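Residue-level structural notes
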Amino acid sequence: MPIPETMKVGVVIERRESDNQWIDHTWQVVSLIPGAAEVDQTNEIGRGQGWVQFHAATLPLELFRKETEGYKYNLSLDQPSVFVVLRDDDDGDDDDGDDDDDGSSEVIPFLATVCPYEAQDYMDSSEETVQSVPMPDTVASWLAEFVETNHVDEPFKKRKRKAFDPRKEGFDRPPPRVSKKWDRFNYE
């Protein structure tokens, strides 16, 4: 029986008040909900002194056979992680203009991945924010089974340096003749 290559995960983000004079609050991905149902809007799921947690989105966590090296590396770490890519919410859905805790978020979960190399690519772009959360046991066992089934070790092949032969490059031939129409620019 083939292993499914996609799992839905709910992304839980937390809005926490900040003591910084320049920012009112910060956003942090705090957990994932494996197998979460789709949400059509951000839903508040918890509240405390100075913080609010939201189920912000349900994203597909996709696995690809060509990326098993990254998955294998992630699973070998002391704490395997799921990486969540966040983008700024440029849509401005908050109609009343203030930033109250009504569920409208200023960041949008865009992607969830278990490949650290893919996460690094998003960190290099500097347009998105990448945060990691501990990998839930359900996701870890699913990923380990996928890697065990699909990973193929590829031996390292070092390229051999070829000796340079100028005759093969055409350096022993005279340069091509310039056409007559360009002869009028001859400044000799």
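As a starting point, this report considers the structure included with it. For clarity, every value in this text was computed on a predicted model and none was experimentally measured.

Thresholds, definitions, all that
- Residues numbered from 1 in each chain as written.
- Predicted model: local features only at pLDDT ≥ 70, side-chain atom pairs only at ≥ 80, totals over all residues.
- Heavy atoms only, no water.
- Salt bridge = Lys/Arg side-chain N within 4 Å of Asp/Glu carboxyl O.
- Helix = DSSP H or I, 4+ residues; strand = E, 2+ residues; numbered from the N terminus.
- Buried < 20%, exposed > 50% of the residue type's maximum accessible area, 1.4 Å probe, protein only.
- Axes fitted to C-alpha atoms, helices over the stretch in contact; angles between N-to-C directions.
- Parallel < 35°, antiparallel > 145°, perpendicular 65-115°, else oblique.
- Left-handed = near helix turned anticlockwise from the far one by under 90°.
- Contact = heavy atoms within 4.5 Å.
- Nonpolar A, V, L, I, M, F, W, Y, C, P; charged D, E, K, R; others polar.
- Polar contact = N/O pair within 3.5 Å; in protein donor to acceptor, adjacent residues only side chain to side chain.

What follows deals with the pattern of salt bridges. Two side chains that carry opposite charge are able to pair once their charged atoms sit near each other. Applying the stated criterion across every chain yields a total of 5 salt bridges. Here Glu 38 makes a salt bridge to Lys 8, at a shortest N to O gap of 2.9 Å. In this pair, Glu 38 sits in the loop between strand S2 (25–34) and strand S3 (43–48) while Lys 8 sits in strand S1 (residues 6–17), placing the two residues 30 residues apart along the sequence. On the accessibility criterion, Lys 8 (36% relative accessible area) is partly exposed. For Glu 128, the salt bridge goes to Arg 87, with nearest N and O atoms at 3.1 Å. Separated by 41 residues along the polypeptide, Glu 128 in the loop between helix H2 (116–125) and strand S7 (129–134) and Arg 87 in strand S5 (residues 81–88) bring together distant segments of the chain. Judged by its relative accessible area of 33%, Arg 87 is partly exposed.

On to the packing of helix H1 (residues 68–76) against helix H3 (residues 137–150), then. The N-to-C vectors of H1 and H3 enclose an angle of 135°; their axes lie 10 Å apart at closest approach. Taken together, the axes of H1 and H3 lie oblique to each other. Of the two possible hands of crossing, H1 and H3 adopt the one that is left-handed. Contacts from Thr 68, Tyr 71, Lys 72 and Leu 75 of H1 reach H3 at Ala 140, Leu 143, Ala 144, Phe 146, Val 147 and Asn 150. Of the residues contributing to the contact of H1 with H3, the split by class is 7 nonpolar, 2 polar and 1 charged.

With that settled, the discussion passes to the side chain of Thr 58. Tracing the backbone through its elements, the reader meets Thr 58 in strand S4 (residues 51–62). What makes Thr 58 buried here is its relative accessible area of 10%. Here the side chain of Thr 58 touches Ala 37 through a polar contact of 2.6 Å, landing on its backbone oxygen. A distance of 3.2 Å separates the side chain of Thr 58 from the side chain of His 55, its partner in a polar contact. Among residues more than four places away in sequence, those in contact with Thr 58 are Lys 8, Val 9, Gly 10, Ala 36, Ala 37, Glu 38 and Val 39.

No statement about biological role is implied by the geometric values presented.
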